[in-house]
Amino acid sequence: MKIRQTTFALAAIAGASLLAACGGSDSSAPEADAAAPAAEEVVLDNGMTPKEQIELRQGQLKKMGKAFKTISDQLKASEPDMAAIQAAAASVPVESEGMADWFPAGTGPDSGVKTDALPAIWEQPDLFTEKLSDFQMAAGGLATAAETGDMAAIGAAFATTGGTCKSCHETFREDD
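First, a word on scope: everything that follows refers to the structure included in this document. This is a predicted model, so every value here is computed, not measured. (Residues numbered from 1 in each chain as written. Predicted model: local features only at pLDDT ≥ 70, side-chain atom pairs only at ≥ 80, totals over all residues. Heavy atoms only, no water.)

Observations regarding helix α6 (residues 151-172)
- Between its first and last C-alpha, α6 extends 31 Å over 22 residues, near the 32 Å set by a 1.5 Å rise per residue.
- Listing the buried residues of α6 in full gives Ile-154, Ala-157, Phe-158, Thr-161, Thr-164, Cys-168 and Phe-172. Along the axis of α6, the buried residues cluster in a sector spanning 120°; they form a single face. Residues of α6 that are exposed and point more than 90 degrees away from the buried face comprise Ala-152, Ala-159, Lys-166 and Glu-170. (Helix = DSSP H or I, 4+ residues; strand = E, 2+ residues; numbered from the N terminus. Expected span 1.5 Å × (residues − 1). Buried < 20%, exposed > 50% of the residue type's maximum accessible area, 1.4 Å probe, protein only. Arc of directions from axis to C-beta.)

Structure, rendered in structure tokens:
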């Protein structure tokens, strides 16, 4: 057992020595850009790092996606669960509150954090804001239609809301 521990210790020391050698100073190697801090070090005006903001944004979008899936599944069901539709539809306007604030400058692809948000969001802010407004208006209409319990009205409002999602994604989302 002692030989095994000694062999492991020697291997660990050798590995640590190799790693230390990799970190040595090589005057021919380019220096890291001191002006570009890592995404975890940058602090946005809202006090969050780009990574935190992007994760928050993605979390909210996933919640809305889950609500849309619930509605879609129920619209296809032979016996739709109206309570599930109503709860999901009511959650969309709530979950999308402040959506424009989810995309502050510094949270695009240039942040170094994985995001499907395209630079067009920050290059065309007026159009982006218009698309968000269209979505939020349609989401309110979906929630109102769901309250009625009228499946035809819900289906139409769901299609309209989905159309606003698609319209925005075509211009402002990479992976769609």
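Concerning the pattern of salt bridges
- On inspection of all chains with the given rule, the structure shows 6 salt bridges.
- A salt bridge links Glu-55 to Lys-51; the shortest N-O distance between them is 3.8 Å. On the criterion of helical spacing, the pair formed by Glu-55 and Lys-51 is a turn pair, its members being 4 residues apart in helix α2 (residues 50-76).
- The residue Arg-173 makes a salt bridge to Asp-116 at a minimum N-O spacing of 3.7 Å. One end of the pair, Arg-173, is in the segment after α6; the other, Asp-116, is in the loop between α3 (82-95) and α4 (120-123), and 57 residues separate them in sequence.
- The class of Arg-173 is partly exposed, set by a relative accessible area of 31%.
- Overlapping salt bridges, with partners in common, bring together Lys-114, Asp-116 and Arg-173 in one network. (Salt bridge = Lys/Arg side-chain N within 4 Å of Asp/Glu carboxyl O.)

What about the state of the cysteines?
- Applying the stated criterion across every chain, the model contains 0 disulfides.
- Sulfur of Cys-168: no disulfide; nearest cysteine sulfur belongs to Cys-165 and is 8.1 Å away.
- We classify Cys-168 as buried; its relative accessible area is 11%. (Disulfide = S-S within 2.5 Å.)

Considering the packing of α2 against α6
- The geometry of α2 relative to α6 is characterised by a closest axis approach of 11 Å and an angle of 140° between their N-to-C directions. One element, α2, and the other, α6, form an angle in the oblique class. Handedness of the crossing formed by α2 with α6: left-handed. Between α2, through Phe-68, Ile-71, Ser-72, Gln-74 and Leu-75, and α6, the contact on the second element is made entirely by Met-151, Ile-154, Gly-155, Phe-158, Thr-161 and Cys-165.
- When its residues are assigned to classes, the contact of α2 with α6 shows 7 nonpolar, 4 polar and no charged. (Axes fitted to C-alpha atoms, helices over the stretch in contact; angles between N-to-C directions. Parallel < 35°, antiparallel > 145°, perpendicular 65-115°, else oblique. Left-handed = near helix turned anticlockwise from the far one by under 90°. Contact = heavy atoms within 4.5 Å. Nonpolar A, V, L, I, M, F, W, Y, C, P; charged D, E, K, R; others polar.)

Some remarks on the nonpolar core
- Counting 26 residues, the largest nonpolar core has Val-92, Phe-128, Phe-135 and Leu-142 as the members making the most contacts within it.
- For this core, the secondary structure elements donating two or more residues are α2, α3, α4, α5 (125-148) and α6.
- Examining the composition of this core, we find that 7 residues originate from one element, α5, more than from any other.
- Those residues in contact with Phe-135 that lie beyond four places of it in its chain are Met-64, Phe-68, Val-92, Ser-96, Met-99, Thr-161, Thr-164 and Cys-165. (Core = buried A, V, L, I, M, F, W, Y, C linked by side-chain atoms within 4.5 Å.)

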